[in-house]
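A closer look at the structure
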Amino acid sequence: HSSSTWARVLAGWVPALMLVTLVFYFSFAHVAYRWNWASTYKYRRTLLDGWLVTIALSAASLLLSTFIGLVFALVRRSRVLPLRNLGHLYVELARGTPLLVQILIFFYVVADAFHLENRYVAGVLILSFFSGAYISEVIRAGIESVGQSQLESARAIGLTRAQTYRYVIGPQALRLSLPPLVGQFVSLIKDSSLLSIIAVNEFTQAARDVNSVTYSTLECYLPLAIGYLVLTLPLSLWLRRW
């Protein structure tokens with residue numbers, strides 16, 4: 001049974017991968033470009049350090065944004081009107097304005113007002129609050145997709161509000177929310193590249209620095225693309241399987 005499953009997987013993926021490989025091979029073969037990998041290889045440590053910083057920023061932002069999203073998903077369902085309106089205002093402001101603008105305003109205005117000088121901490125907070133707005137809507141949609149009859153049944157057997165969320169709503173909402181959460185987590189990792197505008201030395205900034213010295217554009221940005229793919233693809237596959 002397992003061998004037949006693997007055969008079906010290979011039969012589905014191999015032709016697709018071959019097609020993509022052929023398209024890229026054909027495209028790059030017709031580019032009049034003089035490759036110079038040796039110049040970029042000398043700065044491999046710079047690229048690796050930037051990649052590790054991106055991993056750290058992304059991991060911290062994923063955890064914090066998930067917590068923020070969960071909190072504001074519950075705030076949006078609160079019976080207290082000011083709290084519910086606060087959650088609504090936060091979500092609309094975060095989703096309705098570009099991340100680039102948020103980074104500039106929060107770092108140069110808000111963080112400066114609160115004397116937050118660490119660019120990395122500020123970057124994690126900005127990414128988390130931006131992504132948290134999207135995650136809160138994903139979680140809220142998952143919660144509201146649970147049938148009303150199940151909530152009434154939970155009340156009928158004497159479950160408290162907290163127990164209802166834990167045993168009835170939570171497991172079902174998590175399963176329904178995972179697919180869109182995967183996309184949001186992947187977007188968060190890629191969005192971390194915008195932190196380079198406030199001089200955070202992450203992966204994209206490292207590639208720019210190496211390119212400014214070597215003038216080997218493709219040799220710098222191809223590893224950049226591969227590095228992000230190494231981070232996002234396993235996360236996407238693992239969460240979808242989970």
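As a starting point, this report considers the structure included with it. Keep in mind that what you see is a predicted model, and the values were worked out from it rather than measured.

1. Quick word on the overall build of the protein
- Summing up its helical and strand segments, the protein has 10 helices and zero strands in all.
- Taken from the N to the C terminus, the helices and strands of the protein come in the order α-α-α-α-α-α-α-α-α-α.
- A compact globule built from 242 residues should have a C-alpha radius of gyration of about 18 Å, whereas the protein, at 22 Å, is more than 25% larger.
- Viewed in the frame of its principal axes, the protein has a C-alpha envelope of about 70 × 60 × 25 Å.
- Taking all 242 residues of the protein together, the buried fraction comes to 36%.
- Within the protein, contacts between residues separated by at least 24 positions form 77% of all contacts whose residues are at least 6 apart in sequence.
- Computed over 20 positive and 11 negative side-chain charges, the separation of the two mean positions in the protein equals 10 Å.

2. Considering the packing of helix H9 (residues 203-214) against helix H10 (residues 217-241)
- Where H9 meets H10, the axes come as close as 8 Å, and the angle between the chain directions of the two elements is 165°. Here H10 runs roughly antiparallel to H9, going by the angle between their axes. In this structure, H9 meets H10 at a crossing whose hand is right-handed. Within the contact between the two elements, H9 uses Phe203, Thr204, Ala207, Arg208, Val210, Asn211 and Thr214 and H10 uses Thr217, Cys220, Tyr221, Pro223, Leu224, Gly227 and Tyr228.
- By residue class, the composition of the contact of H9 with H10 is eight nonpolar, five polar and one charged.

3. Observations regarding a nonpolar patch on the surface
- Together, Leu100, Val101, Leu104, Ile105, Phe106, Tyr108, Val109 and Ile197 give the surface a local cluster of nonpolar side chains, amounting to about 670 Å² of exposed area.
- Take Val109: it is sitting in helix H5 (residues 99-113).

4. With respect to the environment of Val121
- Relative to the assigned elements, Val121 resides in helix H6 (residues 119-144).
- In this structure the C-alpha to C-alpha distance between Val121 and Ser61, which are 60 residues apart in sequence, comes to 9.8 Å.

5. Focus: the packing of aromatic side chains
- Taken as a whole and assessed by the stated rule, the structure comprises nine aromatic pairs.
- Geometrically, the ring pair formed by Tyr33 and Trp35 is edge-to-face, given 5.0 Å between the ring centres and 75° between the ring planes.
- For Tyr33, a relative accessible area of 27% gives the class partly exposed.
- With a relative accessible area of 33%, Trp35 lands in the partly exposed category.
- Ring centres 5.8 Å apart and planes at 5° place the aromatic pair Trp35 and Trp37 in the stacked group.

6. Some points on the nonpolar core
- Of all hydrophobic cores here, the largest spans 40 residues; its most connected members are Ile169, Phe185 and Leu195.
- Aside from chain neighbours lying at most four places away, what touches Leu195 is Leu57, Ile103, Gly123, Leu127 and Val200.
- Among the nonpolar cores identified, the runner-up in size contains seven residues, and Phe72, Val75, Val91 and Ala133 belong to it.

7. Observations regarding the side chain of Ser192
- Mapped onto the secondary structure, Ser192 falls in the loop between helix H8 (161-191) and H9.
- Look at Ser192 and you get buried, because its relative accessible area is 1%.
- Residues in contact with Ser192, not counting those within four places in the same chain, are Thr54, Ser58, Leu127, Glu202 and Tyr228.

8. Observations regarding the pattern of salt bridges
- In total, this model carries six salt bridges according to the counting rule given.
- In this structure, the salt-bridge partner of Glu137 is Arg76, at a minimum N-O distance of 2.8 Å. One end of the pair, Glu137, is in helix H6; the other, Arg76, is in helix H3 (residues 44-76), with 61 residues separating them in the sequence.
- Of the residues examined, Glu137 reaches a relative accessible area of 15% and is grouped as buried.

Calculation notes
Residues numbered from 1 in each chain as written. Predicted model: local features only at pLDDT ≥ 70, side-chain atom pairs only at ≥ 80, totals over all residues. Heavy atoms only, no water. Helix = DSSP H or I, 4+ residues; strand = E, 2+ residues; numbered from the N terminus. Rg over C-alpha atoms; globule rule 2.2 N^0.38 Å. Buried < 20%, exposed > 50% of the residue type's maximum accessible area, 1.4 Å probe, protein only. Contact = heavy atoms within 4.5 Å. Lys, Arg positive; Asp, Glu negative; His and termini not counted. Charge placed at Lys NZ, Arg CZ, Asp CG, Glu CD. Axes fitted to C-alpha atoms, helices over the stretch in contact; angles between N-to-C directions. Parallel < 35°, antiparallel > 145°, perpendicular 65-115°, else oblique. Left-handed = near helix turned anticlockwise from the far one by under 90°. Nonpolar A, V, L, I, M, F, W, Y, C, P; charged D, E, K, R; others polar. Patch = residues over 30% accessible without salt bridge, like charges linked within 9 Å, V, L, I, M, F, W, Y side chains within 5 Å. Areas by Shrake-Rupley, 256 points an atom, 1.4 Å probe, with all protein chains shown as cover. Salt bridge = Lys/Arg side-chain N within 4 Å of Asp/Glu carboxyl O. Phe/Tyr/Trp six-rings, centres within 6.5 Å; stacked < 30°, edge-to-face > 60°. Core = buried A, V, L, I, M, F, W, Y, C linked by side-chain atoms within 4.5 Å.

Bear in mind that shape data such as this cannot, by itself, settle questions of function.
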